[in-house]
Amino acid sequence: MSSIQISTGGGIATVTLNRGKVNALNESMVEEIRSCFEELRNDQAVRAIILTGQGKFFAFGFDIPEFLSYSKDAFIRYLTKFTALYTYVFLLPKPIIAALNGHTIAGGCMLALACDYRIMVSEKAKISLNEIAFGSSVFAGCVEMLKFCAGSRNAQKVLYSGAMFSAEEAKQLGLIDLTASQDMLDDEARKVAEDFAQKDSAAFRSIKTLLRKPVAEEMIPRERNSVHEFADIWYSEKTWKNLQEIRIW
Amino acid sequence: MSSIQISTGGGIATVTLNRGKVNALNESMVEEIRSCFEELRNDQAVRAIILTGQGKFFAFGFDIPEFLSYSKDAFIRYLTKFTALYTYVFLLPKPIIAALNGHTIAGGCMLALACDYRIMVSEKAKISLNEIAFGSSVFAGCVEMLKFCAGSRNAQKVLYSGAMFSAEEAKQLGLIDLTASQDMLDDEARKVAEDFAQKDSAAFRSIKTLLRKPVAEEMIPRERNSVHEFADIWYSEKTWKNLQEIRIW
Amino acid sequence: MSSIQISTGGGIATVTLNRGKVNALNESMVEEIRSCFEELRNDQAVRAIILTGQGKFFAFGFDIPEFLSYSKDAFIRYLTKFTALYTYVFLLPKPIIAALNGHTIAGGCMLALACDYRIMVSEKAKISLNEIAFGSSVFAGCVEMLKFCAGSRNAQKVLYSGAMFSAEEAKQLGLIDLTASQDMLDDEARKVAEDFAQKDSAAFRSIKTLLRKPVAEEMIPRERNSVHEFADIWYSEKTWKNLQEIRIW
């Protein structure tokens, strides 16, 4: 039973997060997404990728109840895989469009930030890096991707507040590029993906790398320490208590 | 006789610059501010800090008349302490809110830029890095902090022009985050500080460091040369003449 | 027969690109511009420089028909000179104002980005880094200068789309600083140049270097590989075919 669905056609692959009610990320799901993106990278027929979710969430973030049963070492192993995943997506040499179908929270937001373009439903959905609200930190790589998308000032605003932003606010901040009604999201994402798919692939790959490799060079060497600090705070008495009170609705 | 006042209550410390009519920075004042921030950093009861000034100025910048009596070596010693101060504030692992009660000029603006949040009175007060107007340079660390707050393009605009900006203009540029009427400044600053004070302190410290350490890594290795170049220009014939004509009003 | 014209007066030098109908850049023109800027740098009487073009183009970019006769090695030699030119302009310690009199495309846009200030005619002219549209990459240094001017997010938008932007759109994106009617362009550029010329030259030089040297330190070590990758893509079958179909109008 897979936690993602993949469909392809016309040079465009659509990857749909599909795990429970809120697409909460766990270790096997992260592994599946990674394998999927590795295959799509190597598939010559795929010229652009849409990443979306089923239901009211793009992704809730980590599957906290499941991780509460993890040892710290196992959790660090997971975090290492997760941060490697968003770095892989960030640098993947094909265009990736995030079609944010619903709430895009914490780890879900990090995955979205790694993409080349973000379209978000304009209705009730919120986007947030809300870690500070429950006493968690984030990751060095996530911060650099956020600075890349939104600039340093907005990155600080987003992370210090932990606020939930509407699609319109998110667009102002640089978290997303376009809003679309629920009805139009798939069509709009398809249109953007087709536009990207028509670009020369060698030129796109080279330009994407020129834009992003200097950012990745800031991300990668800082990530290991960052993951350990994240875990230290996660397992601290106060944060652990907060985590036990979080309900995935 | 101290050049700063400190009051604490409800987890929030308020540091008020209080030296002469314009809170001009001199060496002993910089030392006092540094000691004060070191104490507040270590004081477990302090969860957020407000930095403000008395009178019509937040700070005029350096006490130029006093520094005109300094030898170049002594001035370099001061500059080294001053640049170390703003770097210390920039990285201090507690939230610092600048409540800009009046004109915020040159070195005063640099101190403000090091804080986590800036509220400025919306009336006649101006904010400026006006060094170029009197033939002075700035510092490498100040430039990186300015880029962090306002982006590279606005940083260049601010520094090349040396212009005096109103609070509203400063907000557009990213120099400040919020404007408040004179009457409301203290209340607004308190509200922001209380909001920060409620955040989990370990998460805040970690996130602040993730945001700012990569910036500090650009600031610190460049600062020594920058201080020497600043002093060379300061003691050049033309700039020295300009400095003698500046009146602290 | 020179491809640029130089006039000086009142401390301001004006360099006018003047080659054919579209000021397309070739190797000898790049060498001439470089020599010219070296002289203006050393000329004590010159306090500010205006870079503009004659006709309906500021510059079309590279003279593609001419380069189609180049060997790959010779083209790499040209690219090395061209990227060194914009880096030289980017760091030149005098104010340089680009007066964009018409279309500012590809390599022409890169030259403009290296300047300290950009004014563009508000009528039909377009500005673009349209390389992706004909299957070409850009250069590492160009990407860093673009990030410096427009921020990472807009840099990505400009490069991924390859779109042609009006002056007004370009101002929103940070590609230019001011728009002017065709009639007023020279006067406006002159006014900006005179304002820069009045700044203390040692302070300006120091501040410009503080702003830009950290950027150049990202540009320079990446440029050699970038030039080779650019040439590999340029000489690829698909892109080579596109290039043969481009007509300089």
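Everything that follows concerns the structure shown earlier in this document.
Residues numbered from 1 in each chain as written. Chains lettered and ligands numbered in written order. Predicted model: local features only at pLDDT ≥ 70, side-chain atom pairs only at ≥ 80, totals over all residues.

*Asks:* How would you explain the overall build of chain A if you had to name every residue and give the values?
*Replies:* Along the backbone of chain A there are nine helices and nine strands. With the principal axes as the frame, chain A shows a C-alpha extent of 50 × 40 × 35 Å. Going through the 249 residues of chain A one by one, you find that 53% of them count as buried. Of the contacts formed within chain A by residues at least 6 apart in sequence, a portion of 77% connects residues at least 24 apart. (Helix = DSSP H or I, 4+ residues; strand = E, 2+ residues; numbered from the N terminus. Buried ≥ 20, exposed ≤ 12 C-beta atoms within 10 Å, placed from the backbone. Contact = placed C-beta atoms within 7 Å.)

*Asks:* Can you break down the interface of chain B and chain A residue by residue, with the values?
*Replies:* Each partner contributes residues to the interface: chain B has 15 residues there, and chain A has 22 residues. Elements supplying a minimum of two residues to the side of chain B that touches chain A: helix H5 (140-161) and helix H8 (201-234) of chain B. Top contributing element to the side of chain B that touches chain A by residue count: H8 of chain B, with eight residues. Considered class by class, the residues forming the side of chain B that touches chain A number nine nonpolar, three polar and three charged. (Nonpolar A, V, L, I, M, F, W, Y, C, P; charged D, E, K, R; others polar.)

*Asks:* Quick rundown of the relation of the copies chain C and chain A? Include the residues and the values.
*Replies:* The transformation that overlays chain C on chain A combines an axial shift of 0.0 Å with a rotation of 120°, and the residual RMSD is 0.0 Å. The symmetry that links the two subunits is that of a three-fold axis. Relative to the rotation axis, the C-alpha of Gly151 of chain C is the closest in chain C, positioned 4.1 Å from it. (Least-squares fit on C-alpha atoms with pLDDT ≥ 70 in both.)

*Asks:* Tell me about the sheet that holds strand S7 (residues 117-121) of chain A, and please be specific about residues and values.
*Replies:* The strands that make up a sheet pair up through hydrogen bonds in the backbone, lying either parallel or antiparallel. All names here are of chain A. Pairing within the open sheet is mixed, and its six strands lie in the order S1-S2-S3-S5-S7-S9. The open sheet has two edge strands with one neighbour each: strand S1 (4-9) and strand S9 (178-180). Taken pair by pair, the neighbouring strands of this sheet meet at an average axis angle of 20°, ignoring direction. Bridge count for strand S3 (residues 48-53) against strand S5 (residues 96-100) is four bridges, and the pairing is parallel. (Pairing = 2+ DSSP bridges. Axes fitted to C-alpha atoms, helices over the stretch in contact; angles between N-to-C directions.)

*Asks:* Before we move on, can you summarise the relation of the copies chain B and chain A with the specific residues and values?
*Replies:* Once chain B is rotated about the relating axis by 120° and shifted along it by 0.0 Å, it coincides with chain A to within an RMSD of 0.0 Å. Counting the interface residues of chain B, we find that no more than 7% of their copies in chain A are interface residues as well, pointing to two distinct contact surfaces.

*Asks:* An account of helix H7 (residues 185-197) of chain B is requested, with residue identities and associated values reported.
*Replies:* Note that an α-helix has 3.6 residues per turn; residues three or four places apart therefore point the same way. Residues and elements named next belong to chain B. Between its first and last C-alpha atoms H7 spans 18 Å; for 13 residues at 1.5 Å apiece the expected length is 18 Å, and the two agree. Inspection of H7 places Leu185, Ala189, Val192, Ala193, Phe196 and Ala197 among the buried residues, and these make up the whole buried set. Around the axis of H7, the buried residues are gathered within 140° of arc, so they sit on the same side. Against strand S2 (12-17), strand S3 (48-53), strand S5 (96-100), strand S7 (117-121) and strand S9 (178-180) lie the buried residues of H7. (Expected span 1.5 Å × (residues − 1). Arc of directions from axis to C-beta.)

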